[in-house]
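Spelled out from the first residue to the last, the chains are:
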Amino acid sequence: MKKILLITGGSRGIGAATARLAAQRDYDAIAINYHSRSDAAEDLVKELQHQGVQAIAIQADVAKESEVVAMFQRIDNELGPVTALVNNAGILDQQTTFEQMSVERWQSIFNTNVIGSFVCAREAIKRMSTHHGGQGGAIVNLSSIAARLGAPGEYVDYAASKGAIDTFTIGLAKEVGDQGIRVNAVRPGIIKTDIHASGGEAGRVDRIKDSLPMKRGGDPEEVASAILWLLSDEASYTTGTFIDISGGRL
Ligand code: NAP
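Quantities reported herein were computed from a predicted structural model and do not represent experimental measurements.

A. Looking closely at the sheet that holds strand E7 (residues 242–245). Taken in spatial order, the seven strands of this open sheet run E3-E2-E1-E4-E5-E6-E7, and their pairing is parallel. Two strands bound the open sheet, and with one partner strand each, they are strand E3 (54–59) and E7. Recorded for the sheet is a direction-independent mean angle of 15° between the axes of neighbouring strands. In this structure, strand E4 (residues 84–87) lies alongside strand E5 (residues 137–142), joined through four bridges in parallel fashion. Bridged to Ala84 within E5 is Ala138. Running over the sheet, helix H4 (residues 103–128) touches E4, E5 and strand E6 (181–188) and is turned about 175° from E4.

Here it is in structure tokens:
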């Protein structure tokens, strides 16, 4: 079976680290989805190709169903049906209190983090499921330790969207367990990526790190290795579960 990996939001951060590590494993092809940073996605694709892996960059807003459907069709045509999906694309908004948040903000966060992951998983299942003639596959969802901590005063809405991802992971794993598909999630803690700047505090890792049990933020590569383990045959009896990668911040 050809191993075809799709990473949503693969152009930067945890997604890009996952792609780089995957290129050292036995994937035949990697699709890098991005939203707006074509420069980062195209540079990464060149890097992966240089390592001998077939790779393409695909622009699509995961919050838009038609764009996700078109993305999967393009992967079918250019690489083959997806056998591994990392639902990594995710956003947060400016740190603020709950009472200051707008409905538009909540819709944007839930459309991207939750509905985006749903639509990608639905399209992946259509291709992976043994009930539809597929050969099975694996899905890893990006949750967050915020799903448990709630992110008070910063982004309760983002944390709640990740709580939805946790429940989704459990339910979907049970539903497709007999279709050859495993579904798991990782819950990163504070990882050194650009996402904190989009919340208005680029230095968030440095501010918080001394309060963490391990006294440091995590590297994207430390999340990537757990994602790739969950996708791999080494995790063949693991489904509906979570790996917390938060340096002991629970
Ligand atoms: P990041 O550095 O901000 O990168 C976000 C990635 O998602 C980029 O590739 C971006 O594409 C893409 N993206 C954003 N909106 C998108 C959309 N609507 N459609 C398609 N792609 C979209 O984020 P990160 O820190 O690596 O986070 C990755 C995942 O881990 C997220 O789900 C996040 O919630 C989760 N997480 C992160 C942390 C952390 O501390 N970093 C902790 C817990 C969980 P462009 O490059 O085109 O903008």
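B. Broad picture of helix H3 (residues 65–78). An ideal rise of 1.5 Å per residue puts 20 Å on 14 residues; H3 measures up with 20 Å between its terminal C-alpha atoms. Listing the buried residues of H3 in full gives Val68, Met71, Phe72 and Ile75. When H3 is viewed along its axis, its buried side chains cluster within an angular range of 95° and face the same direction. H3 presents Ser66 and Asn77 as exposed residues on the side facing more than 90 degrees away from its buried surface. Check the buried side of H3 and you find it contacts strand E1 (4–7), strand E2 (29–34), E3 and H4.

C. Local environment of helix H6 (residues 156–176). With 21 residues, H6 extends 30 Å between its outermost C-alpha atoms, agreeing within 8% with the 30 Å of an ideal straight helix rising 1.5 Å per residue. Every buried residue belonging to H6 is among Asp157, Tyr158, Ala159, Ser161, Lys162, Ile165, Asp166, Phe168, Thr169, Leu172, Ala173 and Val176, and all of these are buried. Looking at the packing, one finds that the buried side of H6 touches H4, E5, helix H5 (146–149), E6 and E7.

D. Structural detail: the site of the ligand. Around the ligand sit 32 residues in total, of which Ser11, Ser36, Arg37, Tyr158 and Thr193 are the nearest. The separation between an oxygen atom of the ligand and a polar main-chain atom of Ser36 is 2.6 Å. At 2.8 Å from an oxygen atom of the ligand is found a main-chain nitrogen or oxygen belonging to Asn88. Look at the ligand: alone it shows 900 Å² of surface, and the protein chains cover 95% of it. Breaking the shell around the ligand down by element, the ones donating at least two residues are helix H1 (13–22), E2, H6 and helix H7 (195–198). Classifying every residue of the shell around the ligand gives twelve nonpolar, 15 polar and five charged.

Cut-offs used in this document
Residues numbered from 1 in each chain as written. Predicted model: local features only at pLDDT ≥ 70, side-chain atom pairs only at ≥ 80, totals over all residues. Heavy atoms only, no water. Pairing = 2+ DSSP bridges. Helix = DSSP H or I, 4+ residues; strand = E, 2+ residues; numbered from the N terminus. Axes fitted to C-alpha atoms, helices over the stretch in contact; angles between N-to-C directions. Contact = heavy atoms within 4.5 Å. Expected span 1.5 Å × (residues − 1). Buried < 20%, exposed > 50% of the residue type's maximum accessible area, 1.4 Å probe, protein only. Arc of directions from axis to C-beta. Near = heavy atom within 4 Å. Polar contact = N/O pair within 3.5 Å; in protein donor to acceptor, adjacent residues only side chain to side chain. Areas by Shrake-Rupley, 256 points an atom, 1.4 Å probe, with all protein chains shown as cover. Nonpolar A, V, L, I, M, F, W, Y, C, P; charged D, E, K, R; others polar.

Just geometry here; none of it tells us what the structure is for.
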